[in-house]
Amino acid sequence: MSEVWDVIIVGGGTAGMPVATFAAERGARVLVIDAAADVGGTLHLSTGQLSAAGTKLQAQKGIADTTQAHYDDIMRISKNTADPALVRLAVDNAADTFDWLQDNGFVPFDEHPVLGRAHEPYSERRYYWGVDGGLTILATLRQPFQAQVDAGRVSVKLSTEVTELISDAQGAVVGVKTDGPDGAETIHGQNIVLACGGYSSNGAMFQELNGVPQYYNGAYPYAQGAGIRLGQSVGGVLRGHEYYLCGYSAVLDSAAIPAGMTARPLHHPDMRQPWEIHVNVRGERFVQEDVDSVDVREHALLAQPDLRRWVIYDDAIATASPAQFADGDKESEMAYFGAHPMFTKADTLDTLAEAAGIDARGLAASVAGYNDAIKNDAPDPMGRQHRPLPIEQGPFYAIRVQGTSISSTVGLAVDDSLQVIDQNNKAVANLFAAGEVLGSGQTMGDSFCGGMMATPALTFGRLLGQRILNWEDRAAQAAE
(Lines give C-alpha, C1' and ligand atoms only; values in the text may rest on other atoms or scores of the structure.)
Protein backbone atom coordinates (compact mmCIF):
# COMPACT_ATOMS: atom_id res chain seq x y z
CA MET A 1 0.00 0.00 0.00
CA SER A 2 1.16 3.56 -0.72
CA GLU A 3 2.10 5.96 2.07
CA VAL A 4 -0.66 6.82 4.53
CA TRP A 5 -1.22 10.50 5.34
CA ASP A 6 -2.21 11.46 8.88
CA VAL A 7 -4.84 13.85 7.52
CA ILE A 8 -6.33 14.28 4.05
CA ILE A 9 -8.39 17.45 3.67
CA VAL A 10 -10.76 17.75 0.73
CA GLY A 11 -10.96 21.51 0.17
CA GLY A 12 -8.49 24.24 1.13
CA GLY A 13 -10.85 27.05 2.08
CA THR A 14 -12.31 28.65 5.20
CA ALA A 15 -12.38 25.38 7.16
CA GLY A 16 -9.72 23.38 5.34
CA MET A 17 -6.84 25.81 5.83
CA PRO A 18 -7.21 25.92 9.64
CA VAL A 19 -7.51 22.12 9.79
CA ALA A 20 -4.23 21.82 7.91
CA THR A 21 -2.44 24.54 9.87
CA PHE A 22 -3.31 23.29 13.34
CA ALA A 23 -2.93 19.60 12.56
CA ALA A 24 0.51 20.28 11.09
CA GLU A 25 1.48 22.25 14.17
CA ARG A 26 0.75 19.08 16.15
CA GLY A 27 3.14 17.18 13.90
CA ALA A 28 0.68 15.64 11.46
CA ARG A 29 1.56 14.95 7.84
CA VAL A 30 -1.23 16.69 5.99
CA LEU A 31 -2.43 16.59 2.38
CA VAL A 32 -4.80 19.28 1.12
CA ILE A 33 -6.65 18.60 -2.14
CA ASP A 34 -8.59 21.37 -3.88
CA ALA A 35 -10.40 21.47 -7.22
CA ALA A 36 -9.45 25.11 -7.73
CA ALA A 37 -6.10 26.50 -8.83
CA ASP A 38 -5.61 28.28 -5.50
CA VAL A 39 -6.58 27.73 -1.88
CA GLY A 40 -9.09 30.01 -0.21
CA GLY A 41 -12.45 28.77 -1.47
CA THR A 42 -15.35 31.16 -1.00
CA LEU A 43 -13.12 33.64 0.84
CA HIS A 44 -12.15 34.91 -2.61
CA LEU A 45 -15.60 36.47 -2.99
CA SER A 46 -17.45 36.36 0.36
CA THR A 47 -18.12 39.30 2.66
CA GLY A 48 -16.34 37.41 5.44
CA GLN A 49 -18.76 38.15 8.26
CA LEU A 50 -17.63 36.99 11.70
CA SER A 51 -19.24 36.89 15.14
CA ALA A 52 -17.66 36.03 18.46
CA ALA A 53 -18.32 36.82 22.12
CA GLY A 54 -15.64 37.40 24.74
CA THR A 55 -12.90 38.52 22.36
CA LYS A 56 -9.88 40.56 23.29
CA LEU A 57 -11.10 43.33 20.97
CA GLN A 58 -14.39 43.54 22.86
CA ALA A 59 -12.49 43.78 26.13
CA GLN A 60 -10.32 46.57 24.74
CA LYS A 61 -13.46 48.49 23.82
CA GLY A 62 -15.18 47.91 27.16
CA ILE A 63 -17.78 45.50 25.77
CA ALA A 64 -18.90 42.89 28.29
CA ASP A 65 -20.15 39.85 26.42
CA THR A 66 -20.54 36.12 27.03
CA THR A 67 -20.75 32.99 24.94
CA GLN A 68 -24.10 32.22 26.60
CA ALA A 69 -25.49 35.53 25.34
CA HIS A 70 -24.19 34.71 21.86
CA TYR A 71 -25.80 31.27 22.02
CA ASP A 72 -29.10 32.74 23.24
CA ASP A 73 -29.09 35.26 20.39
CA ILE A 74 -28.56 32.57 17.75
CA MET A 75 -31.38 30.48 19.14
CA ARG A 76 -33.62 33.58 19.39
CA ILE A 77 -32.90 34.75 15.84
CA SER A 78 -33.25 31.24 14.42
CA LYS A 79 -36.44 30.69 16.43
CA ASN A 80 -34.78 27.63 17.99
CA THR A 81 -34.28 25.95 14.63
CA ALA A 82 -30.46 25.95 14.63
CA ASP A 83 -28.73 22.80 15.88
CA PRO A 84 -28.05 23.43 19.61
CA ALA A 85 -24.97 21.24 19.84
CA LEU A 86 -23.23 22.73 16.81
CA VAL A 87 -24.18 26.29 17.80
CA ARG A 88 -22.78 25.66 21.27
CA LEU A 89 -19.55 24.22 19.85
CA ALA A 90 -19.21 27.20 17.51
CA VAL A 91 -19.92 30.05 19.93
CA ASP A 92 -18.02 28.58 22.88
CA ASN A 93 -14.86 28.51 20.77
CA ALA A 94 -15.41 31.53 18.51
CA ALA A 95 -13.48 34.03 20.65
CA ASP A 96 -10.32 31.92 20.52
CA THR A 97 -10.69 31.74 16.75
CA PHE A 98 -11.18 35.49 16.37
CA ASP A 99 -8.32 36.30 18.74
CA TRP A 100 -6.07 33.95 16.77
CA LEU A 101 -7.04 35.73 13.54
CA GLN A 102 -6.24 39.11 15.07
CA ASP A 103 -2.95 37.84 16.45
CA ASN A 104 -2.09 36.82 12.87
CA GLY A 105 -2.93 40.20 11.35
CA PHE A 106 -6.69 40.26 10.80
CA VAL A 107 -7.90 43.88 10.63
CA PRO A 108 -11.61 44.66 11.11
CA PHE A 109 -13.23 48.01 10.44
CA ASP A 110 -12.35 50.62 13.07
CA GLU A 111 -15.91 50.85 14.39
CA HIS A 112 -16.29 47.09 14.80
CA PRO A 113 -17.60 45.09 16.52
CA VAL A 114 -21.16 46.22 15.81
CA LEU A 115 -24.63 44.82 16.50
CA GLY A 116 -25.16 44.02 12.84
CA ARG A 117 -27.00 45.44 9.87
CA ALA A 118 -27.05 42.91 7.04
CA HIS A 119 -29.04 40.50 9.23
CA GLU A 120 -30.97 40.60 12.50
CA PRO A 121 -28.95 42.55 15.07
CA TYR A 122 -27.34 40.91 18.05
CA SER A 123 -28.07 42.02 21.61
CA GLU A 124 -24.40 42.98 22.03
CA ARG A 125 -21.65 44.21 19.71
CA ARG A 126 -19.96 40.99 18.54
CA TYR A 127 -20.20 41.26 14.74
CA TYR A 128 -16.96 41.88 12.77
CA TRP A 129 -16.12 42.40 9.10
CA GLY A 130 -12.65 42.54 7.64
CA VAL A 131 -11.78 45.71 5.76
CA ASP A 132 -11.46 43.67 2.54
CA GLY A 133 -14.25 41.21 3.26
CA GLY A 134 -13.36 37.54 2.90
CA LEU A 135 -10.01 38.47 1.42
CA THR A 136 -8.99 39.84 4.82
CA ILE A 137 -9.58 36.42 6.34
CA LEU A 138 -7.81 34.67 3.47
CA ALA A 139 -4.74 36.90 3.77
CA THR A 140 -4.65 36.13 7.49
CA LEU A 141 -4.91 32.36 6.97
CA ARG A 142 -2.27 32.23 4.25
CA GLN A 143 0.73 33.08 6.39
CA PRO A 144 0.49 30.27 8.99
CA PHE A 145 -0.77 27.84 6.34
CA GLN A 146 2.14 28.61 4.01
CA ALA A 147 4.59 28.28 6.90
CA GLN A 148 3.49 24.68 7.34
CA VAL A 149 3.74 24.08 3.59
CA ASP A 150 7.26 25.51 3.57
CA ALA A 151 8.18 23.31 6.54
CA GLY A 152 7.11 20.25 4.58
CA ARG A 153 4.33 19.28 6.94
CA VAL A 154 1.51 20.26 4.55
CA SER A 155 1.38 19.22 0.89
CA VAL A 156 -1.13 20.70 -1.54
CA LYS A 157 -2.67 19.27 -4.70
CA LEU A 158 -4.52 21.95 -6.68
CA SER A 159 -6.78 21.64 -9.73
CA THR A 160 -7.51 18.16 -8.44
CA GLU A 161 -10.92 16.63 -7.82
CA VAL A 162 -11.66 13.94 -5.26
CA THR A 163 -13.81 11.51 -7.21
CA GLU A 164 -14.41 8.83 -4.60
CA LEU A 165 -13.95 7.91 -0.95
CA ILE A 166 -12.30 4.57 -0.19
CA SER A 167 -13.78 2.43 2.60
CA ASP A 168 -12.46 -0.73 4.20
CA ALA A 169 -14.46 -3.88 4.93
CA GLN A 170 -15.77 -2.39 8.19
CA GLY A 171 -17.00 0.78 6.50
CA ALA A 172 -14.24 3.05 7.77
CA VAL A 173 -13.05 5.66 5.28
CA VAL A 174 -9.37 5.03 4.60
CA GLY A 175 -8.56 7.18 1.58
CA VAL A 176 -9.62 8.99 -1.54
CA LYS A 177 -9.42 8.64 -5.28
CA THR A 178 -8.48 11.76 -7.21
CA ASP A 179 -8.21 13.07 -10.73
CA GLY A 180 -5.90 15.98 -11.52
CA PRO A 181 -2.74 17.08 -13.31
CA ASP A 182 -1.00 13.93 -12.06
CA GLY A 183 -3.76 11.74 -13.48
CA ALA A 184 -5.91 9.35 -11.47
CA GLU A 185 -4.51 8.51 -8.03
CA THR A 186 -5.47 6.50 -4.96
CA ILE A 187 -4.34 8.13 -1.72
CA HIS A 188 -4.68 6.71 1.79
CA GLY A 189 -5.18 8.59 5.03
CA GLN A 190 -6.04 8.04 8.69
CA ASN A 191 -8.42 11.03 8.89
CA ILE A 192 -10.43 12.34 5.95
CA VAL A 193 -11.94 15.81 6.32
CA LEU A 194 -14.58 17.07 3.90
CA ALA A 195 -14.12 20.85 3.83
CA CYS A 196 -14.94 21.46 0.17
CA GLY A 197 -17.85 23.86 0.55
CA GLY A 198 -21.41 23.83 -0.66
CA TYR A 199 -23.41 23.31 -3.82
CA SER A 200 -24.53 26.82 -4.79
CA SER A 201 -22.99 26.72 -8.27
CA ASN A 202 -24.61 23.38 -9.08
CA GLY A 203 -28.02 24.42 -10.41
CA ALA A 204 -29.50 20.93 -10.44
CA MET A 205 -28.41 20.17 -6.88
CA PHE A 206 -29.52 23.62 -5.69
CA GLN A 207 -33.01 22.98 -7.09
CA GLU A 208 -33.12 19.45 -5.69
CA LEU A 209 -32.04 20.34 -2.15
CA ASN A 210 -33.60 23.80 -1.77
CA GLY A 211 -36.75 23.36 -3.84
CA VAL A 212 -36.19 26.61 -5.77
CA PRO A 213 -34.04 27.57 -8.76
CA GLN A 214 -30.61 29.12 -8.34
CA TYR A 215 -31.65 32.50 -9.73
CA TYR A 216 -28.30 34.23 -9.20
CA ASN A 217 -24.97 32.97 -10.56
CA GLY A 218 -22.77 34.78 -8.04
CA ALA A 219 -21.67 31.75 -6.01
CA TYR A 220 -18.13 30.38 -5.90
CA PRO A 221 -17.68 28.42 -9.16
CA TYR A 222 -16.25 25.36 -7.39
CA ALA A 223 -19.25 25.09 -5.05
CA GLN A 224 -20.49 22.03 -6.95
CA GLY A 225 -21.60 19.87 -4.03
CA ALA A 226 -18.68 17.45 -4.12
CA GLY A 227 -18.67 17.04 -0.34
CA ILE A 228 -22.39 16.28 -0.31
CA ARG A 229 -21.96 13.59 -2.94
CA LEU A 230 -18.90 12.10 -1.28
CA GLY A 231 -20.45 12.04 2.18
CA GLN A 232 -23.64 10.42 0.94
CA SER A 233 -21.66 7.77 -0.94
CA VAL A 234 -20.50 6.25 2.37
CA GLY A 235 -23.81 6.57 4.22
CA GLY A 236 -23.78 10.19 5.35
CA VAL A 237 -27.16 11.87 5.63
CA LEU A 238 -28.28 15.44 5.02
CA ARG A 239 -29.95 17.98 7.26
CA GLY A 240 -31.53 21.40 6.73
CA HIS A 241 -33.89 20.90 3.77
CA GLU A 242 -36.66 22.80 5.57
CA TYR A 243 -34.57 25.88 6.30
CA TYR A 244 -33.98 27.46 2.89
CA LEU A 245 -34.13 31.25 2.99
CA CYS A 246 -33.41 33.92 0.40
CA GLY A 247 -32.18 37.46 0.76
CA TYR A 248 -34.59 40.31 0.07
CA SER A 249 -32.82 42.36 -2.58
CA ALA A 250 -31.25 41.70 -5.96
CA VAL A 251 -32.01 43.22 -9.34
CA LEU A 252 -30.79 40.63 -11.83
CA ASP A 253 -29.52 41.49 -15.29
CA SER A 254 -31.90 39.19 -17.17
CA ALA A 255 -34.69 36.64 -16.76
CA ALA A 256 -32.24 33.80 -17.43
CA ILE A 257 -31.66 31.21 -14.70
CA PRO A 258 -29.09 31.78 -13.37
CA ALA A 259 -28.46 35.45 -14.10
CA GLY A 260 -25.97 38.07 -13.04
CA MET A 261 -26.70 40.95 -10.69
CA THR A 262 -27.19 44.58 -11.68
CA ALA A 263 -27.86 46.20 -8.30
CA ARG A 264 -29.01 45.73 -4.71
CA PRO A 265 -31.86 48.02 -3.62
CA LEU A 266 -31.54 49.39 -0.11
CA HIS A 267 -34.27 47.85 2.01
CA HIS A 268 -32.99 48.56 5.53
CA PRO A 269 -35.07 51.41 7.03
CA ASP A 270 -32.11 52.62 9.08
CA MET A 271 -30.22 53.17 5.81
CA ARG A 272 -33.12 54.35 3.63
CA GLN A 273 -36.78 54.62 4.55
CA PRO A 274 -39.05 53.20 1.83
CA TRP A 275 -40.97 55.67 -0.31
CA GLU A 276 -42.30 52.96 -2.61
CA ILE A 277 -44.55 49.95 -2.05
CA HIS A 278 -43.56 46.31 -2.67
CA VAL A 279 -45.93 43.94 -4.45
CA ASN A 280 -45.89 40.35 -5.69
CA VAL A 281 -46.87 39.07 -9.13
CA ARG A 282 -50.54 39.31 -8.11
CA GLY A 283 -50.03 43.01 -7.46
CA GLU A 284 -50.55 42.48 -3.73
CA ARG A 285 -48.54 44.09 -0.98
CA PHE A 286 -47.18 41.32 1.25
CA VAL A 287 -45.07 43.02 3.92
CA GLN A 288 -44.84 46.21 5.93
CA GLU A 289 -42.12 47.82 3.85
CA ASP A 290 -40.63 49.80 6.74
CA VAL A 291 -40.62 46.97 9.29
CA ASP A 292 -37.38 46.99 11.27
CA SER A 293 -36.78 43.24 11.04
CA VAL A 294 -34.69 41.96 8.12
CA ASP A 295 -35.87 38.47 9.02
CA VAL A 296 -39.54 39.44 8.68
CA ARG A 297 -38.97 40.86 5.20
CA GLU A 298 -36.98 37.82 4.08
CA HIS A 299 -39.57 35.34 5.28
CA ALA A 300 -42.35 37.39 3.72
CA LEU A 301 -40.58 37.27 0.35
CA LEU A 302 -39.97 33.54 0.76
CA ALA A 303 -43.75 33.02 0.67
CA GLN A 304 -44.21 34.89 -2.63
CA PRO A 305 -44.40 33.25 -6.07
CA ASP A 306 -40.92 32.76 -7.55
CA LEU A 307 -39.37 34.63 -4.58
CA ARG A 308 -40.08 37.82 -6.49
CA ARG A 309 -41.27 41.34 -5.75
CA TRP A 310 -41.73 44.60 -7.62
CA VAL A 311 -40.95 48.07 -6.25
CA ILE A 312 -43.76 50.43 -7.33
CA TYR A 313 -43.73 54.24 -7.29
CA ASP A 314 -44.67 57.32 -9.29
CA ASP A 315 -43.00 60.37 -10.76
CA ALA A 316 -43.34 62.51 -7.64
CA ILE A 317 -41.60 59.85 -5.57
CA ALA A 318 -38.95 59.38 -8.26
CA THR A 319 -38.17 63.08 -8.00
CA ALA A 320 -38.27 63.50 -4.24
CA SER A 321 -36.89 60.21 -2.87
CA PRO A 322 -33.23 59.36 -2.23
CA ALA A 323 -31.38 56.87 -4.45
CA GLN A 324 -32.58 53.29 -4.01
CA PHE A 325 -29.38 51.34 -4.64
CA ALA A 326 -26.45 50.70 -2.35
CA ASP A 327 -24.10 51.72 -5.16
CA GLY A 328 -25.07 54.45 -7.60
CA ASP A 329 -26.96 57.72 -7.68
CA LYS A 330 -30.43 58.79 -8.84
CA GLU A 331 -29.21 59.64 -12.33
CA SER A 332 -27.74 56.19 -12.97
CA GLU A 333 -30.83 54.57 -11.41
CA MET A 334 -33.24 56.40 -13.72
CA ALA A 335 -31.10 55.58 -16.75
CA TYR A 336 -32.06 51.90 -16.40
CA PHE A 337 -35.66 52.61 -17.38
CA GLY A 338 -36.08 51.82 -21.05
CA ALA A 339 -32.66 50.15 -21.16
CA HIS A 340 -32.92 47.25 -18.68
CA PRO A 341 -35.40 44.34 -18.63
CA MET A 342 -36.10 44.64 -14.89
CA PHE A 343 -37.00 48.35 -15.03
CA THR A 344 -40.42 49.36 -16.36
CA LYS A 345 -41.93 52.80 -16.88
CA ALA A 346 -45.46 53.58 -18.13
CA ASP A 347 -47.98 56.41 -18.17
CA THR A 348 -50.70 54.47 -16.34
CA LEU A 349 -50.78 51.76 -13.71
CA ASP A 350 -52.59 49.39 -16.08
CA THR A 351 -49.93 49.68 -18.77
CA LEU A 352 -47.21 49.43 -16.12
CA ALA A 353 -48.69 46.20 -14.79
CA GLU A 354 -48.98 44.69 -18.26
CA ALA A 355 -45.42 45.62 -19.22
CA ALA A 356 -43.93 44.47 -15.91
CA GLY A 357 -45.87 41.20 -15.75
CA ILE A 358 -47.98 42.05 -12.70
CA ASP A 359 -51.74 41.51 -12.27
CA ALA A 360 -53.30 44.88 -13.13
CA ARG A 361 -56.35 44.56 -10.90
CA GLY A 362 -54.31 43.56 -7.90
CA LEU A 363 -51.86 46.40 -8.43
CA ALA A 364 -54.64 48.96 -8.79
CA ALA A 365 -56.25 47.75 -5.57
CA SER A 366 -52.97 47.85 -3.66
CA VAL A 367 -52.13 51.38 -4.81
CA ALA A 368 -55.66 52.57 -4.08
CA GLY A 369 -55.58 51.12 -0.56
CA TYR A 370 -52.20 52.69 0.11
CA ASN A 371 -53.31 56.10 -1.21
CA ASP A 372 -56.66 56.11 0.57
CA ALA A 373 -55.05 55.47 3.93
CA ILE A 374 -52.69 58.41 3.38
CA LYS A 375 -55.45 60.78 2.26
CA ASN A 376 -57.74 59.82 5.15
CA ASP A 377 -54.91 59.83 7.68
CA ALA A 378 -55.87 56.25 8.45
CA PRO A 379 -53.62 53.32 9.44
CA ASP A 380 -51.82 51.71 6.56
CA PRO A 381 -53.28 48.31 5.55
CA MET A 382 -49.87 46.68 6.22
CA GLY A 383 -49.07 48.71 9.33
CA ARG A 384 -46.54 50.94 7.62
CA GLN A 385 -45.49 54.18 9.31
CA HIS A 386 -43.32 55.98 6.74
CA ARG A 387 -45.67 57.27 4.01
CA PRO A 388 -44.27 60.50 2.62
CA LEU A 389 -46.27 60.59 -0.64
CA PRO A 390 -49.13 58.72 -2.32
CA ILE A 391 -48.58 56.91 -5.62
CA GLU A 392 -50.81 58.79 -8.05
CA GLN A 393 -48.84 60.93 -10.49
CA GLY A 394 -47.71 59.33 -13.78
CA PRO A 395 -45.43 58.19 -15.20
CA PHE A 396 -45.29 55.14 -12.95
CA TYR A 397 -42.29 52.92 -12.28
CA ALA A 398 -41.69 49.26 -11.44
CA ILE A 399 -38.42 47.52 -10.59
CA ARG A 400 -38.43 43.71 -10.48
CA VAL A 401 -36.40 42.41 -7.52
CA GLN A 402 -35.46 38.76 -7.04
CA GLY A 403 -34.91 36.86 -3.82
CA THR A 404 -31.53 35.13 -4.09
CA SER A 405 -28.97 33.19 -2.10
CA ILE A 406 -25.45 32.00 -2.80
CA SER A 407 -24.91 29.87 0.29
CA SER A 408 -25.90 26.24 0.83
CA THR A 409 -28.65 25.53 3.33
CA VAL A 410 -28.52 21.73 3.33
CA GLY A 411 -25.45 19.87 4.52
CA LEU A 412 -23.96 16.72 5.94
CA ALA A 413 -25.09 15.72 9.40
CA VAL A 414 -22.27 15.46 11.97
CA ASP A 415 -21.99 14.66 15.65
CA ASP A 416 -20.43 16.95 18.24
CA SER A 417 -16.99 15.67 17.20
CA LEU A 418 -17.72 16.82 13.65
CA GLN A 419 -17.72 13.21 12.47
CA VAL A 420 -20.13 12.48 9.61
CA ILE A 421 -23.05 10.34 10.78
CA ASP A 422 -25.41 7.95 9.01
CA GLN A 423 -29.18 7.52 9.22
CA ASN A 424 -28.79 5.68 12.53
CA ASN A 425 -26.72 8.53 14.01
CA LYS A 426 -23.68 6.28 13.90
CA ALA A 427 -20.37 7.91 13.01
CA VAL A 428 -18.74 7.00 9.71
CA ALA A 429 -15.30 6.04 10.97
CA ASN A 430 -12.44 8.41 10.09
CA LEU A 431 -14.69 10.83 8.15
CA PHE A 432 -15.14 14.41 9.36
CA ALA A 433 -16.75 17.52 7.88
CA ALA A 434 -16.52 21.27 8.48
CA GLY A 435 -17.45 24.47 6.68
CA GLU A 436 -20.29 25.06 4.25
CA VAL A 437 -20.55 21.34 3.52
CA LEU A 438 -22.49 21.26 6.83
CA GLY A 439 -25.02 23.71 5.41
CA SER A 440 -26.23 26.96 6.95
CA GLY A 441 -29.35 25.24 8.28
CA GLN A 442 -27.38 23.60 11.08
CA THR A 443 -25.63 26.71 12.42
CA MET A 444 -28.32 29.30 11.57
CA GLY A 445 -31.59 27.39 11.24
CA ASP A 446 -34.23 29.11 9.15
CA SER A 447 -32.79 32.62 9.56
CA PHE A 448 -29.61 34.41 8.57
CA CYS A 449 -27.48 34.93 11.70
CA GLY A 450 -24.56 37.28 11.23
CA GLY A 451 -21.17 35.58 11.12
CA MET A 452 -22.56 32.10 11.66
CA MET A 453 -21.15 30.60 8.48
CA ALA A 454 -17.56 31.85 8.28
CA THR A 455 -16.94 31.76 12.03
CA PRO A 456 -18.09 28.15 12.56
CA ALA A 457 -16.12 27.10 9.47
CA LEU A 458 -12.93 28.64 10.87
CA THR A 459 -13.65 27.41 14.37
CA PHE A 460 -14.53 23.85 13.44
CA GLY A 461 -11.47 23.70 11.22
CA ARG A 462 -9.30 24.92 14.08
CA LEU A 463 -10.82 22.44 16.54
CA LEU A 464 -10.39 19.52 14.16
CA GLY A 465 -6.74 20.30 13.59
CA GLN A 466 -6.04 21.29 17.17
CA ARG A 467 -7.62 18.52 19.19
CA ILE A 468 -10.22 16.32 17.48
CA LEU A 469 -8.39 14.48 14.73
CA ASN A 470 -6.47 11.45 15.97
CA TRP A 471 -3.44 9.84 14.45
CA GLU A 472 -0.94 9.73 17.30
CA ASP A 473 -2.70 6.89 19.13
CA ARG A 474 -3.04 4.86 15.95
CA ALA A 475 0.60 5.37 15.10
CA ALA A 476 1.60 4.23 18.60
CA GLN A 477 -0.63 1.17 18.32
CA ALA A 478 0.84 0.31 14.92
CA ALA A 479 4.37 0.59 16.32
CA GLU A 480 3.51 -1.86 19.09
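Residues numbered from 1 in each chain as written. Predicted model: local features only at pLDDT ≥ 70, side-chain atom pairs only at ≥ 80, totals over all residues. Heavy atoms only, no water.

A few words on the packing of helix 1 (residues 16-25) against helix 14 (residues 454-468). Direction vectors running N to C along helix 1 and helix 14 enclose 25°, while the axes themselves pass 7 Å from each other. Comparing their axes, helix 14 and helix 1 come out roughly parallel. At the point where helix 1 passes helix 14, the crossing takes the right-handed sense. Only Leu458, Gly461, Arg462, Leu464, Gly465 and Gln466 of helix 14 make contact with helix 1, whose side of the interface consists of Pro18, Val19, Phe22 and Ala23. Class assignment for the residues of the contact of helix 1 with helix 14 results in six nonpolar, three polar and one charged. (Axes fitted to C-alpha atoms, helices over the stretch in contact; angles between N-to-C directions. Helix = DSSP H or I, 4+ residues; strand = E, 2+ residues; numbered from the N terminus. Parallel < 35°, antiparallel > 145°, perpendicular 65-115°, else oblique. Left-handed = near helix turned anticlockwise from the far one by under 90°. Contact = heavy atoms within 4.5 Å. Nonpolar A, V, L, I, M, F, W, Y, C, P; charged D, E, K, R; others polar.)

Turning to helix 7 (residues 226-233), its buried residues are Gly227, Ile228, Leu230 and Gly231. In the core, the buried residues of helix 7 are packed alongside strand 1 (4-10), strand 6 (161-167), strand 8 (183-194), helix 6 (203-210), strand 9 (238-239) and strand 16 (411-412). At the C-terminal side of helix 7, glycine 235 shows a positive phi close to 100°. (Buried < 20%, exposed > 50% of the residue type's maximum accessible area, 1.4 Å probe, protein only.)

Among the secondary structure elements, glycine 152 is positioned in the loop between helix 5 (134-150) and strand 5 (154-157). For glycine 152, a relative accessible area of 56% translates into the label exposed. Sequence spacing of glycine 152 and arginine 29 is 123 residues, and the spatial spacing of their C-alpha atoms is 8.3 Å.

On to the sheet that holds strand 14 (residues 343-346), then. What holds strands together in a sheet is hydrogen bonding between their backbones, with the strands either parallel or antiparallel. An order of 12-13-15-14 is seen for the four strands of this open sheet, with the pairing classed as antiparallel. Every interior strand has two partners, whereas the edge strands, strand 12 (277-279) and strand 14, have only one. Put simply, the sheet's adjacent strands are angled 25° from each other on average, direction ignored. In this sheet, strand 13 (residues 308-314) lies alongside strand 12 in antiparallel orientation, the contact comprising three bridges. If you follow valine 279 over to strand 13, its bridge partner there is tryptophan 310. Across the face of the sheet, helix 11 (residues 349-356) comes into contact with strand 13, strand 14 and strand 15 (396-402) while running at roughly 155° to strand 14. (Pairing = 2+ DSSP bridges.)

This next bit is on the pairing of strand 18 (residues 427-433). Buried residues dominate strand 18, accounting for five of its seven residues. Here strand 8 pairs with strand 18 via three bridges, running parallel. Note that in strand 18 the partner of leucine 194 across the bridge is alanine 433. In this sheet, strand 18 lies alongside strand 17 (residues 419-421) in antiparallel orientation, the contact comprising two bridges. Note on strand 18: the bridge partner recorded for glutamine 419 is phenylalanine 432. As consecutive antiparallel partners, strand 17 and strand 18 are separated by five residues, and within that stretch asparagine 425 has a phi angle of approximately 65°, a positive value.

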